[in-house]
Amino acid sequence: MTAVVAGVDIGNATTEVAVLAGGRLLGTDRLPTRGRKGSAESVRGAAALVRRAERRLGVQVTEASIAPLRAVDTATLAVPALPPRTGRLRVLAAGVPTPGGAGTCVGQPLDLDAPDPTAEPRIVLVPPGLGYAAAAAQVRRLIDTGVPVGAVLAAGDEGVLIANRLAAPVPVIDQVDTVAAAACPLLAVEVRAPGQPLTMLTDPVALGAALRLGDGEAADAVTLSRLLLDYSNAVIGLAATNGAQPSEPAEPWVVAGGHRVPLRTACAELPGWPVGAISALDQAPVDDLYALDLALVADSATARRGSTGRTVLAASLHRAGAGPDHAALLGELLGRPVHCLISEPAAARLGARTTPGARDDATVVDVGAGTIDVIAPDGEVVAAGAGDLLTAAVAELLTLPRAAADWVKRGPCLRVTGSQRFEAEDGSHGFLDRPAAAAALGMLAAPGPAGLLPFDRRHSPAEWRAIRLRLKEAVFAANLLRALRTLSTQTSAQPGAQVLIVGGPAGDDELLGVLLRALPGGVTAGRGNVGGTLPGTPAGHRHAAALGLALAAGAG
């Protein structure tokens, strides 16, 4: 009787099973891991998955194989950006979506109902709660009485409606903190056409002259002007004094080589440090840490300022201690013998090498939710930061739930330009298979679990493509390169001429191209097709470790 072997791989996010009989791959299956990897609950979930695979395949497993389980806890931390110091200068508004009019003005604030005997330009403040019609009527009254109204700032969101009801082409910016504006002796306002960059407020020399800044405030003007690059409208306030300087918030720090380094400072250096160089995050010990500064990603992708944010995201790795005898527990639950023959990395490499064209000296890269595992013939490295870090970055950039970001991150998008028309990332236009929802008009959209998933209005398709690919380079390519360098140092051997990519994120259509651009010349990379050299249906890029465990049991 031919033995039917189930290889069971319990991962941090997914549990997978591969069923093998007589060297033939009968099928595979997977489920989200129950509880924490290595817990009794995770083993019970694995037993349920084996029984489901038996029902689907119409076979009865005679034995199973599992690797020694040691949980790898990963966590993703978001660190908001610290506001830069700009002295007396304050950014009161920037990039509001509904400005009105156009032009620039530097002047003193003026309450809407206050008399004004001076001839200096004034910037009228519309308080919250006042409707656009009443506000426009009062502004017109001021203009008719000879008040030199140079700009209007409104607390509400009706800037366009106010501007359309004024006879003069006055710049109007809404969604402004009018209380903070009234507290500033001098204001500077600029509104340009949509998509056109600011000119006066982003010119430190012109800004300094307009606000009559001293020589000691030139650096503040430079800092503020950089903050406003790529915006089309903004309001700057000049406070009377610097005021009380806020104390620096306690930003996270890491320990590298025995030295404490601020996390934001370490972000630029991490791609060049070996895996394991970070030994602690604040007071908590870690086995590895990888972090991403979204501001650096924006700069490298030449994204518009303000379109990505300045949050730092960090993924940390901590290996938990060994748990109970998982093979014995799984055997008890299944009522069949369960073997524990090889480690997870060895199993992943064995399974990945069933890819057609795989070389004996291939380096296998198993990309998961929390880690990137790099497995060579004579060593392995586990690096923190993988699929979950990319999901967190996309969610932070686009202000999306992580469930939606998990779909948006995967590949190209389109902009819905009509009920059945779209614009692609390459600028081409086409027709949708079915009409899009009315709410999706003008939005970027990506394939989702139930059709098109609208997700953003702030970026163009080409701009989002540039940011998305740069994120993948920062998360996957830079992290893989530091893992390969660490592996070379540990084993005194260079990576093989072939790299095979397996794991859930390997299904990303763009990942292989990102890695090919980053790997050294002479190193080829390919996506695993697990089980492709065996009889039966291949499993694709998943199930490498599960198949390797089944093969090891069959060989034993």
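Small disclaimer: the values here were computed from a predicted structure and weren't measured.

Participant: It is not clear to me how the pattern of salt bridges should be interpreted in this structure. Could you clarify?
Facilitator: Pairing between side chains of opposite charge can happen when the charged atoms of each approach one another. The tally for this structure, following the rule as stated, stands at 19 salt bridges. Put simply, Arg 52 and Asp 29 hold a salt bridge, and the shortest N to O gap is 2.8 Å. Remark: Asp 29 occurs in strand 3 (residues 24-32) and Arg 52 occurs in helix 1 (residues 40-57); sequence separation between them is 23 residues. Residues Asp 406 and Arg 410 are paired through a salt bridge, measuring 2.9 Å at the closest nitrogen-oxygen approach. Given a relative accessible area of 37%, Arg 410 falls into the partly exposed group. Linked through salt bridges whose partners overlap, the residues forming this network are Glu 425, Arg 468, Lys 472, Asp 508 and Glu 510.

Participant: Before we go on, may I ask you to explain empty space enclosed by the protein in this structure?
Facilitator: If a probe the size of a water molecule is rolled over the atoms, the empty space left behind becomes visible. The full count for this structure, using the stated rule, is 1 cavity of 30 Å³ or more. Lining the largest cavity are Val 365, Val 367, Ile 372, Phe 476, Leu 480, Leu 511 and Leu 515. If you list the elements that add at least two residues to the lining of the largest cavity, you get strand 20 (363-367), helix 13 (461-491) and helix 14 (511-518).

Participant: How should I be thinking about the packing of aromatic side chains in this particular structure?
Facilitator: Each pair of aromatic rings is reported with the distance of its centres and the angle of its planes. If you walk through the whole model with that rule in mind, you get 1 aromatic pair. Positioned above the aromatic ring of Trp 253 is the side chain of Arg 260, whose terminal nitrogen or guanidinium carbon lies 3.7 Å from the ring centre. Sitting over the ring of Trp 407, Arg 410 keeps its end group 4.1 Å from the ring centre.

Participant: Where do I start with the confidence of the model for the chain in this structure?
Facilitator: Confidence in the prediction of the chain, expressed as mean pLDDT, is 89, and 92% of residues score 70 or more. When pLDDT is averaged over each helix and strand of the chain, the minimum, 70, is found for strand 5 (residues 72-79) and the maximum, 96, for strand 23 (residues 414-416).

Participant: Is there a simple way to think about the nonpolar core in this case?
Facilitator: A general tendency of soluble globular proteins is for nonpolar side chains to be buried together. Grouped together as the largest cluster of nonpolar side chains are 68 residues, with contacts concentrated most on Leu 289, Phe 455, Trp 464, Leu 471, Phe 476 and Ile 501. Looking at this core, the element that brings in the most residues is helix 13, giving 13 residues. When near neighbours in sequence (up to four residues on either side) are disregarded, Phe 476 contacts Val 367, Ile 372, Ala 386, Gly 387, Leu 390, Pro 505, Leu 511 and Leu 515. One finds Leu 25, Ala 67, Ala 352 and Leu 551 within the second-largest nonpolar core, a separate group that totals 22 residues.

Participant: What am I meant to see in the sheet that holds strand 13 (residues 253-256) here?
Facilitator: Adjacent strands of a sheet form backbone hydrogen bonds with each other and so pair up, either parallel or antiparallel. As summarised here, the arrangement of the 4 strands in space is 14-13-15-16, forming an open sheet in which the pairing is antiparallel. Each edge of the sheet is formed by a strand with only one pairing partner; in this case those strands are strand 14 (259-262) and strand 16 (284-285). Of the pairings in the sheet, the one linking strand 15 (residues 278-281) to strand 16 comprises 2 bridges and is antiparallel in character. For Leu 281, the partnering residue across the bridge sits in strand 16 and is Ala 284.

Participant: What should I look at first to understand the pairing of strand 13 in this one?
Facilitator: In regular strands, side chains alternate between the two faces of the sheet. Side chains of strand 13 alternate between two faces, with Trp 253 and Val 255 and Val 254 and Ala 256 buried alike. One ladder, built from 4 bridges, connects strand 13 with strand 14; its direction is antiparallel. Considered in strand 14, the bridge of Ala 256 is made with His 259. If you look at the hairpin formed by strand 13 and strand 14, you'll find 2 residues sitting between the two strands, and Gly 257 has a positive phi there, around 60 degrees. One ladder, built from 3 bridges, connects strand 13 with strand 15; its direction is antiparallel. Bridging from a neighbouring strand, Ala 256 pairs with Ile 278 of strand 15.

Participant: Would you mind showing me how to read the packing of helix 13 against helix 14 here?
Facilitator: Between two packed helices, both the angle of their axes relative to each other and the distance between the axes serve to describe the pair. The N-to-C vectors of helix 13 and helix 14 enclose an angle of 55 degrees; their axes lie 9 Å apart at closest approach. As far as their axial angle goes, helix 14 and helix 13 are oblique. Two packed elements cross with a definite hand, and for helix 13 against helix 14 that hand is right-handed. In contact with Leu 469, Lys 472, Glu 473, Phe 476, Ala 477, Leu 480 and Leu 481 of helix 13, helix 14 contributes Leu 511, Val 514, Leu 515, Arg 517 and Ala 518.

Participant: Whenever I open this one, the pairing of strand 2 (residues 14-21) confuses me. Can you help?
Facilitator: Among the 8 residues of strand 2, 7 are classified as buried, and the element is accordingly described as predominantly covered. In the sheet, strand 1 (residues 4-10) pairs with strand 2 via 7 bridges, with the strands oriented antiparallel. Its bridge partner lying in strand 2, Ala 6 is registered against Val 19. The pairing of strand 2 with strand 3 spans 8 bridges and is antiparallel. From the neighbouring strand, Thr 15 faces strand 3, where its bridge partner is Leu 31. Here strand 2 folds back onto strand 3 in antiparallel fashion, the turn holding 2 residues, of which Gly 22 has a positive phi close to 60 degrees.

Participant: Teacher, can you tell me more about the sheet that holds strand 20 here?
Facilitator: Pairing is mixed across the open sheet formed by 5 strands, whose spatial order is 22-21-20-28-29. Of all the strands in the sheet, the pair left with one neighbour each is strand 22 (379-384) and strand 29 (524-527). Strand-to-strand, the axes of this sheet are offset by a mean angle of 20 degrees, without reference to chain direction. The pairing of strand 20 with strand 21 (residues 371-376) spans 4 bridges and is antiparallel. Among the inter-strand pairings, Val 364 is bridged to a residue of strand 21, identified as Ile 375. Most of the contacts of helix 14 go to strand 29, to which it runs at about 170 degrees, and overall it touches strand 28 (498-502) and strand 29.

The rules behind these values
- Residues numbered from 1 in each chain as written.
- Predicted model: local features only at pLDDT ≥ 70, side-chain atom pairs only at ≥ 80, totals over all residues.
- Heavy atoms only, no water.
- Salt bridge = Lys/Arg side-chain N within 4 Å of Asp/Glu carboxyl O.
- Helix = DSSP H or I, 4+ residues; strand = E, 2+ residues; numbered from the N terminus.
- Buried < 20%, exposed > 50% of the residue type's maximum accessible area, 1.4 Å probe, protein only.
- 1 Å grid on protein atoms, 1.4 Å probe; cavity = no way out; pocket = protein on both sides within 12 Å on 5 of 7 lines; lining within 4 Å.
- Points joined across faces, edges and corners; volume = space filled by probe spheres on them.
- Phe/Tyr/Trp six-rings, centres within 6.5 Å; stacked < 30°, edge-to-face > 60°.
- Lys NZ or Arg CZ within 6 Å of the ring centre and 35° of its normal.
- pLDDT = per-residue confidence, 0-100.
- Core = buried A, V, L, I, M, F, W, Y, C linked by side-chain atoms within 4.5 Å.
- Contact = heavy atoms within 4.5 Å.
- Pairing = 2+ DSSP bridges.
- Axes fitted to C-alpha atoms, helices over the stretch in contact; angles between N-to-C directions.
- Parallel < 35°, antiparallel > 145°, perpendicular 65-115°, else oblique.
- Left-handed = near helix turned anticlockwise from the far one by under 90°.

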